[in-house]
Amino acid sequence: IQNRKGKSFGYQVLGFGAGGGAPVFELDYLIIAGGGGGGNNNAGGGGAGGYRTSFPGGTQLGFQGSTSYTVTVGAGGGQTAAGTNSSFGYNDGTFLATGGGKGGSDNNSGQPGGSAGGAGGGGGSPPPGGSGNAGGFSPPEGNDSGSGTNSVPQRTGGGGGGASAVGGNASPTVCGSGGNGSASSITASSVTRAGGGGGGSRTPGTPGSGGSGGAGGGSSGTGGNGSANTGSGAGGGQSTGGTGGTGFVVIRGPNANTFSVSPGTNTVTPSGSDTIATFTVSGTFEVS
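Residue numbers restart at each chain and count upward from 1, following the sequence in its written direction. Side-chain atom pairs in this predicted model are given and counted only at pLDDT of 80 or more, local residue features only at pLDDT of at least 70, and totals for whole chains, interfaces and linings cover all residues. The basis for every side-chain value is the complete set of non-hydrogen atoms in the structure, without hydrogens or water.

(A) Summary view of the nonpolar core. Membership of the largest hydrophobic core comes to 23 residues, with the highest contact counts inside it found for Leu27, Phe63, Phe88, Phe279 and Phe285. Looking at this core, the element that brings in the most residues is strand 2 (residues 24-32), giving 4 residues. Apart from the residues lying within four places of it in its own chain, the contact partners of Phe279 are Val71, Val73, Phe248, Val249, Ile251, Val261, Ser262, Asn266, Thr284 and Phe285. Put simply, a nonpolar core is a bunch of buried Ala, Val, Leu, Ile, Met, Phe, Trp, Tyr and Cys residues held in one set by side-chain atoms that sit within 4.5 Å of each other. For every residue, the accessible area (1.4 Å probe, protein chains only) is compared with the maximum for its type, and the residue is labelled buried under 20%, exposed over 50%, or partly exposed between those bounds. Counting residues in hydrophobic clusters, the runner-up holds 11 residues, among them Ile32, Ala163, Val250 and Ile276. Runs of E in the DSSP output that reach at least two residues are strands. Runs of H or I that reach at least four are helices, and both are numbered from the N terminus. Here, residues are in contact when the closest pair of their heavy atoms is within 4.5 Å.

Right, here's the structure in full:
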């Protein structure tokens, strides 16, 4: 468990509840779900995990003081498997982001998710892309994916959706590229995360590139994996799809507060007048 204390500016502390209960602190957050796995056999790329943030300038969330909240960091999906949700408790219940959609395999349409997985190539009608923002949130947590083709012999797959862009549609010879991720400086430096995976196909099709933010590229063999703790989608592969990147959670507030996290793999660090709690694995969070 790690703690930091100090002065802070600009974050609101709400009033005490009836009977002198603990105060509620309004804090910023970034939450990214696990990325979707890539498909195999004329495959689509995996979609990025849902991406939701208040930083900078968005609506913060309230956390009751001296209360332990569970934080879940979503796992990336394996081959043709969706990523899993990330979530954390807060004063009004549970806040979550939806796992990325899995990449479609031969003749399968794109699969829904935080961002959708790309469609596989097909022998019949070109499979359509899938829908992102599976949680129905406003603003949206992700984007749609790209469509596949029924070209012969390639049958190219579509790109997975990313946090800031839709996945690319496949052409008869080139697979769809993954949608780009989104940049955030909530951790004190700008980092792009949650890109969509590139589509794959059989030779002689050209595989699609992964979107910015750590996504895996497509392949005519084994698709690339999404980078850890980015929530990025995996690339589709002709023989084997890649594995999506694990999720990521950050909670940021003034260093007049004390933050506590567990287990020790997670960290609490000062940044100017603020303190940043970073979760790379599931654990707990408390503020006082």
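(B) Looking closely at the layout of surface pockets. Put simply, the largest pocket is a space of about 170 Å³. With 3 residues, strand 3 (residues 51-53) is the single largest residue contributor to the lining of the largest pocket. Here a cavity is any set of points on a 1 Å grid over the protein atoms alone where a 1.4 Å probe fits but cannot get out, and a pocket is any open set with protein on both sides within 12 Å along at least 5 of 7 lines; a residue lines the site when it has an atom within 4 Å of a point. Grid points are joined across faces, edges and corners, and a volume is the space filled by probe spheres set on the points.

(C) View of the side chain of Ser145. With respect to the helices and strands, Ser145 occurs in the loop between strand 7 (93-97) and strand 8 (182-184). By relative accessible area, which is 9% here, Ser145 ends up buried. Here the side chain of Ser145 touches Gly117 through a polar contact of 2.7 Å, landing on its backbone oxygen. Here a polar contact is recorded for every N or O atom pair within 3.5 Å, except that within protein the pair must consist of a potential hydrogen donor and a potential acceptor, and residues adjacent in sequence are included only if both atoms are side-chain atoms. Side-chain polar atoms of Ser145 contact the backbone nitrogen of Gly130, separated by 2.7 Å. Setting aside its immediate chain neighbours within four residues, Ser145 contacts Gly110, Ala116, Gly117, Gly118, Ala119, Gly129, Gly130, Gly159, Gly160, Gly161 and Gly167.

(D) Geometry of the environment of Thr80. Mapped onto the elements of the fold, Thr80 is located in the loop between strand 5 (69-72) and strand 6 (86-90). For Thr80, a relative accessible area of 28% translates into the label partly exposed. Apart from residues no more than four positions distant in its own chain, Thr80 is found in contact with Gly37, Gly38, Gly39, Asn40, Lys102, Gly103 and Ser105.

(E) Quick look at unusual backbone geometry. That bond from Val152 to Pro153 is cis: its omega, 5°, falls within 30 degrees of zero. On the secondary structure map, Pro153 appears in the loop between strand 7 and strand 8. Cis geometry is found at the peptide bond from Thr203 to Pro204, where omega equals 15°. Locating Pro204 in the fold gives a position in the loop between strand 9 (191-193) and strand 10 (248-254). Its identity is not glycine, yet Asn107 carries a phi of approximately 65°, on the positive side. Position of Asn107 among the secondary structure elements: in the loop between strand 7 and strand 8. When its relative accessible area of 38% is taken as the criterion, Asn107 is described as partly exposed. Notably, Arg155 is not glycine yet its phi reads approximately 50°, a positive angle. You can see Arg155 is positioned in the loop between strand 7 and strand 8. Take Arg155: its relative accessible area is 23%, and that puts it in the partly exposed class.

(F) Spotlight on the sheet that holds strand 11 (residues 259-262). The 5 strands lie next to each other as 7-6-5-14-11, forming an open sheet whose pairing is antiparallel. In this open sheet, the two edge strands, each paired with only one partner strand, are strand 7 and strand 11. Ignoring strand direction, the axes of neighbouring strands in this sheet form an average angle of 20°. Two strands pair under a simple rule: DSSP has to find at least two bridges between them. Angles shown run from 0 to 180 degrees and are taken between the N-to-C directions of axes, each axis being a line fitted to C-alpha atoms and, for helices, limited to the stretch in contact.

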